[in-house]
Amino acid sequence: MNMKTYKKIIRTTCKSCHGGCGVLVAVENNKVMHIEGDPDSLTRGTMCAKGIASVQDVNNPNRILYPLKRKGERGHGEWERISWDEALDTIADRMKSNIRAHGPASISICQGTGRGYNRYTMRFSRSIGTPNTGFPAHFCFAPKMSVFGLTVGGRLYCDYHGWGGEFPKTQVSWGKQIEITNADGEMGVWFLDSLEKCENLILIDPRTTGISQRSNFWLKIRPGTDAALALGMLHVIINEGLYNKEFVENWTYGFDDLKNRVQEYAPDKVSQITWIPKDEIIETARIIAIQGPCVIQMGQSLEAGNNSIQTLRAIVCLMAITGNIERPGGMVHWLTPETGPMDEFAKELAQPNGLPIGADKYKLLANPHHSLMCHLPTLFKQLSRNQCQVKMLHSEGSNLMVTYANPRQVRAAILNLQFFSTADLYMTPTTELADIFLPAAHWLETDDIYDMHPRFMIEAINRTAEPAGEAWPDNRIYNELGRRVAPEHWFGSVEEMLDHQLRKANIKWKVFKGMGILARTGKDQPYYKYKTDTWKKNGGFPTKTGKVELYSTGLEEMGYDPLPHYKEPNESPVSMKGEKNRYPLILSTGGRLAQYFHSQYRQVPWLRQTQVWPLVQIHPETAAKLNITDGDWVWIETPRGKIKQMAKLFKGMDPKVVVAQASWWYPEKPGPDHGVWESNANMLTSNELPCDPCIGSTTLRALMCNISRVEEDD
Ligand SMILES: Nc1nc2c(c(=O)[nH]1)N[C@H]1C(S)=C(S)[C@@H](COP(=O)(O)OP(=O)(O)OC[C@H]3O[C@@H](n4cnc5c(=O)[nH]c(N)nc54)[C@H](O)[C@@H]3O)O[C@H]1N2
Ligand SMILES: Nc1nc2c(c(=O)[nH]1)N[C@H]1C(S)=C(S)[C@@H](COP(=O)(O)OP(=O)(O)OC[C@H]3O[C@@H](n4cnc5c(=O)[nH]c(N)nc54)[C@H](O)[C@@H]3O)O[C@H]1N2
Ligand code: SF4
Ligand SMILES: [Mo]
C-alpha cells in the first residue's frame, strides 16, 4: 500500500526507539494503516524497521487494553478487569497511606529507558516528595550526563549539522552503533550523512559493526579497557605537544596534573592492556589531535563497567585538549528553542528531601547535573532481604525482570513489596508480578511534546487514532494519579499541562500541534559560547572554575579521584587468572539490535520474523574447539548461572570474546514467566561485583564465561 491510497494522513514523531523521526501516518476508521517517513522533517523521510512495524505494534492483538487487578496471589497470573477510577484510587490510596505512615521516601517511582515521558516521572516523584526515582541510568546516560556536567558544565553533542561552516573531518565511534541506535539525542541518519565530509572514521569496538567497511581504522579493543586507551592517546598527544595550546592555556583547569597522570600510560603498556597494537594507538591519537574538527560518539558500553566515570572523563579530556569543544564540527552544547529545556517541567518543583537509596555510597546519583535517582540494584538487594524503606513501587514502562542483573533477586524484591503497580502496553514477566496493571496507550495514540533530550528542537507527537480499548497515554496516567495524590502540582487536563510546558515560547499546544516542530538551527545556534557572556560574564564555562576541568574539583570534593585513571574489569583474563580454565572467554552482553528495542517487539511479526531466537556471536576458531557449529544451541555460563542462546559464528572479533544478546524473553511462552529464565543475559551479569564507585554502574560488557553445546537431553 502506498500513502496516496489514503485520505487521512497525520504528521507526527516516531517514538518506537529514543528516536524522533518525522513520520506520516495513514488512518482509516480510527485505525492506523500505514506509516512512512516525512520528507519534510529533520530526518528527511528516513525510517527504520521498528518505526515501520509500529503499525503492527499499535494494532497488536496481544496488547492489554483495560486496567487489571490481580486475583489470588501476586505473580500467579490471574487477573480481573477493573475501572480506571478503581485502579487509580487504589494506587493513590496506597501512596497516601504510605506517605502518612512512613514518609514519601517509602514510595519509589520508576521507568525504563527514556521514552519521552521521563519529565512526567520526575515531576511525579517531586510532586509527592520522594527522592527514590528509579531509572536504568546508573549504567546508561547518567554517567555521561555527570561527566559532561562536571567537566564542561553541560551536555555535549556531536555537530553533524555544519551550522558553523564545518563538518567533522575525523570521527570516532567509540563503543557505539549510532547508525542503528539513534541514541543520546543524535540520529543515525545525520551521522551517516556527515560521513560524506569525514576523512577519518575510527571504530573502537571489540567487534566489527555496520560501519566497519567505511572506517579507516578499527581498534579491536579488549572489552572494558577503554580508559587505558584514552589515557594512552592523551599520553601521545601531550608528550608530542600536539594539543591545542591556546585552548589548554586559556580554557582548561589542571593540565599539568593531567600531564603527570598520563605519564603512567605509555603506549607500550596501553597496548598490553588493550590488545591494540602500539602503532595504531599512536597513529589514531595523532589523527584525533591534528585532523580536526573531531567528534567522538561515546556509547553505552563505556557506561556499563566498574570504571565508567573515569573512562568517560578521559575521553572528554581528549576532546578538550585537542580544542574540539564548542568548535564548529566538534562537540557542542546546543541551545534549546524558546521553550527552554522540557525537563524544566520536573525541575520547576523543588528537589525532594533526603538522599535517594544508594546515593550515600554512589554520590553522583545525587548530582545536580541530572535529576535525583536511586540505585535500583541496591533497592532490589535491600528489598529482597526485607530491609528497605521502600514499601511500594510504581513502574511506568520498564521490564525490570530483564533489564537488571540477577533477575531472581529482582523477582524476590518485587514480591516483598507491599504494593507494585505498572503501566505497560503488554503483559511481561515484570507486569505479571503487579497488583494493578494500567494499560498504556501507544505513541500513535498520544498527544505530547517530543523531547527525549534537551536538544536543539522539540517536536509534536500527534495522536493519530483514539487509544485502543481503555488505554491511556502516560502523560494522562501521571496527571490523573498526580491529581489524586498531590493536586496542587497537576493540571485540569493533558492539554493544560502541554500548554504549561510551551508557555515560555508563548504558544499553545493546539498551535504547536499544527507547527510540528520548534527548532533553533543555523545562525541561531552559536559556537564558542565560552568566549561570550552566555554562561559567565566575560566568558567561561559553566563549571566551578569557569574552565574545562581536566582536574575535576567536583569529584575531588566528593572524595573521588579528580583525574582520570584506568581500572581492570572485575572479571577479566587478568583479574581472574586462577579461574582461567573455568571461565576462559570474555563475555559482552547487550550490543543493540536494529529490529528490537531492548525487550520490546518480540510480539511484532514483521520484526520477530527477522530474528526468531537470541544469538550469541562466537569466533569460528573457538567454536571449532568446542565442537559448536552455526545454529547450535549453546549454554553460556558465568559464576551466576547459565542460559541458552543460538550460536552465530562470527569472525569479526578476537577468538577469546563472545557477544551475547540481551533482553530476551518469549511473549509466546506461558506466563507468568514467559521464558524469562531461559535466554536472558542478565542471568549472567552481577550486582554483587564492585560497581563504579562514583555512580554505581554495574558491568554488562566485560565479564568472563564459558560456552558449551546444548546436548539433546539437556
Ligand atoms: N545485560 C544487559 N542488560 C541491560 C543492557 C545491556 O546492554 N545488557 N542495557 C541496559 C540499558 S542501557 C537500559 S536503558 C535498560 C532498558 O531497560 P527497560 O527500559 O526496562 O527496557 P525494556 O525491556 O524495553 O522495557 C520497557 C517496557 O516498557 C514498555 N513500554 C514501551 N513503550 C511504552 C510506553 O510508551 N509507555 C509505557 N507505559 N510502557 C511502554 C515495554 O512494553 C516494555 O515492557 O536495559 C539495561 N539492561
Ligand atoms: N535498535 C535499538 N536502538 C536502541 C536500543 C535498542 O535496544 N535497540 N537501546 C537504546 C538504549 S537505552 C541505549 S543505552 C542505546 C545504546 O546504544 P549504543 O551506545 O550505540 O550501544 P550498543 O549498540 O549497545 O553498543 C555499541 C558497541 O559497543 C561495543 N562494545 C562492547 N563492549 C565494549 C567495550 O568494552 N569497549 C568498546 N569500545 N566497545 C564495546 C559493542 O560490540 C557494540 O558494537 O541504544 C538505544 N537505541
Ligand atoms: S529510528 Fe527510531 S524514531 Fe526513527 S523510525 Fe526507527 S524507531 Fe522510529
Ligand atoms: Mo540505555
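Refer to the structure printed above.
Residues numbered from 1 in each chain as written. Chains lettered and ligands numbered in written order. Predicted model: local features only at pLDDT ≥ 70, side-chain atom pairs only at ≥ 80, totals over all residues. Heavy atoms only, no water.

Draft legend 1. Structural context of the environment of Asn627. Within the secondary structure layout, Asn627 lies in the loop between helix H23 (620-625) and strand E24 (633-638). Distance from Asn627 to Ile586, taken between C-alpha atoms, is 19 Å for residues 41 residues apart in sequence. When near neighbours in sequence (up to four residues on either side) are disregarded, Asn627 contacts Asp632 and Arg709. (Helix = DSSP H or I, 4+ residues; strand = E, 2+ residues; numbered from the N terminus. Contact = heavy atoms within 4.5 Å.)

Draft legend 2. Seen up close, the site of ligand 3. Taken together, the neighbourhood of ligand 3 is formed by Cys14, Ser16, Cys17, Gly19, Gly20, Cys21, Met47, Cys48, Lys50, Gly51 and Asn182. Looking at the shell around ligand 3 residue by residue, the classes come out as 5 nonpolar, 5 polar and 1 charged. (Near = heavy atom within 4 Å. Nonpolar A, V, L, I, M, F, W, Y, C, P; charged D, E, K, R; others polar.)

Draft legend 3. Broad picture of the packing of aromatic side chains. Taken as a whole, this structure holds 27 aromatic pairs when the rule is applied. The residue whose ring lies beneath Arg81 is Tyr66, and the NZ or CZ to ring-centre distance is 3.6 Å. In this structure, Lys363 is placed above the aromatic ring of Tyr560, and the distance from its NZ or CZ to the ring centre is 5.5 Å. (Phe/Tyr/Trp six-rings, centres within 6.5 Å; stacked < 30°, edge-to-face > 60°. Lys NZ or Arg CZ within 6 Å of the ring centre and 35° of its normal.)

Draft legend 4. Summary view of the pairing of strand E22 (residues 585-589). Of all 5 residues in E22, 5 are buried; the element is thus mostly enclosed. Residues Leu585, Leu587 and Thr589 point to one face of E22 and Ile586 and Ser588 to the other, with burial holding for every one of them. Note: E22 against strand E27 (residues 703-709), 3 bridges, orientation antiparallel. Paired with Leu585 across the two strands is Cys705, which belongs to E27. Relative to strand E26 (residues 657-660), E22 is paired through 4 bridges, and the arrangement is parallel. Across the sheet, Ile586 pairs through a bridge with Val657, a residue of E26. (Buried < 20%, exposed > 50% of the residue type's maximum accessible area, 1.4 Å probe, protein only. Pairing = 2+ DSSP bridges.)

Draft legend 5. Focus on the packing of helix H8 (residues 226-239) against helix H12 (residues 278-290). Viewed as axis vectors pointing N to C, H8 and H12 meet at an angle of 70 degrees, and their least axial separation amounts to 9 Å. One finds that H8 runs roughly perpendicular with respect to H12. Relative to H12, H8 is oriented so that their crossing is right-handed. Of the residues in H12, those touching H8 at Leu229, Gly232, Met233, Val236 and Ile237 are Ile281, Ile282, Thr284, Ala285, Arg286, Ile288 and Ala289. (Axes fitted to C-alpha atoms, helices over the stretch in contact; angles between N-to-C directions. Parallel < 35°, antiparallel > 145°, perpendicular 65-115°, else oblique. Left-handed = near helix turned anticlockwise from the far one by under 90°.)

Draft legend 6. Just the pairing of E24, in detail. Across 6 bridges, the pairing between E24 and strand E25 (residues 641-649) is antiparallel. Within E25, the position partnered with Trp635 by the bridge is Lys644. Strand direction decides the pairing type here: E24 and E27, joined by 4 bridges, are antiparallel. Residue pairing for E27: Trp635 is matched across the bridge by Ser708.

Draft legend 7. Up close: the site of ligand 2. As a structural note, the neighbourhood of ligand 2 is formed by 33 residues, with Asp205, Asp226, Tyr596, His598 and Arg701 the closest of them. One of the backbone N or O atoms of Gln300 is found 2.8 Å from an oxygen atom in ligand 2. Bound to the protein, ligand 2 loses 98% of the 920 Å² it would expose on its own. A per-class count over the shell around ligand 2 returns 12 nonpolar, 14 polar and 7 charged. When residues of the shell around ligand 2 are assigned to domains, at least three fall in each of domain 2 (156-332 + 526-557) and domain 3 (577-709). (Polar contact = N/O pair within 3.5 Å; in protein donor to acceptor, adjacent residues only side chain to side chain. Areas by Shrake-Rupley, 256 points an atom, 1.4 Å probe, with all protein chains shown as cover. Domains from an automatic or database assignment.)

Draft legend 8. Representation of H8 in the model. Taking 1.5 Å as the rise per residue, H8 with 14 residues should run 20 Å; its terminal C-alpha atoms sit 20 Å apart, in good agreement. Counting buried positions along H8 yields 13 of 14 residues, so the element is predominantly enclosed. (Expected span 1.5 Å × (residues − 1).)

Draft legend 9. Seen up close, the sheet that holds strand E1 (residues 8-13). Spatially, the 3 strands line up as an open sheet ordered E1-E2-E3, and their pairing is antiparallel. The sheet terminates laterally at E1 and strand E3 (31-37), the two strands that pair on one side only. For this sheet the average axis-to-axis angle between neighbouring strands, irrespective of direction, equals 30 degrees. As judged from the 6 bridges shared by E1 and strand E2 (residues 22-28), these two strands associate in the antiparallel manner. For Ile10, the partnering residue across the bridge sits in E2 and is Val25.

Draft legend 10. Expanded view of the side chain of Asn60. Turning to its location among the elements, Asn60 is positioned in the loop between helix H2 (54-58) and strand E4 (68-70). At a separation of 3.1 Å, a polar atom in the side chain of Asn60 contacts the main-chain carbonyl oxygen of Gln603. Beyond its immediate stretch of four places on either side in the chain, Asn60 contacts Tyr426, Gln603 and Val604.

Draft legend 11. Representation of the environment of Tyr601 within the structure. You can see Tyr601 is positioned in the loop between E22 and helix H22 (605-608). As for Tyr601 and Ser54, which are separated by 547 residues in sequence, their C-alpha atoms are 9.2 Å apart. When residues no more than four places from it in sequence are discounted, the contact partners of Tyr601 are Ser16, Lys50, Asp57, Gln595, Tyr596, Leu607 and Arg608. A distance of 3.5 Å separates the side chain of Tyr601 from the side chain of Gln600, its partner in a polar contact.

Draft legend 12. How the structure looks around unusual backbone geometry. Residue Pro293 is bonded to the preceding Gly292 through a cis peptide linkage, with omega at -5 degrees. Assignment of secondary structure puts Pro293 in the loop between H12 and strand E13 (294-298). Backbone torsion omega between Gly671 and Pro672 reads 0 degrees, so that peptide bond is classified as cis. The topology assignment puts Pro672 in the loop between E26 and E27. Despite not being glycine, Phe141 shows a phi value in the positive range, around 80 degrees. Here Phe141 is to be found in the loop between strand E7 (133-134) and helix H5 (142-152). The backbone phi angle of Asp184 is positive, close to 65 degrees, even though this residue is not glycine. With respect to the helices and strands, Asp184 occurs in the loop between helix H6 (178-181) and helix H7 (188-194). Given the relative accessible area of 9%, Asp184 is considered buried.

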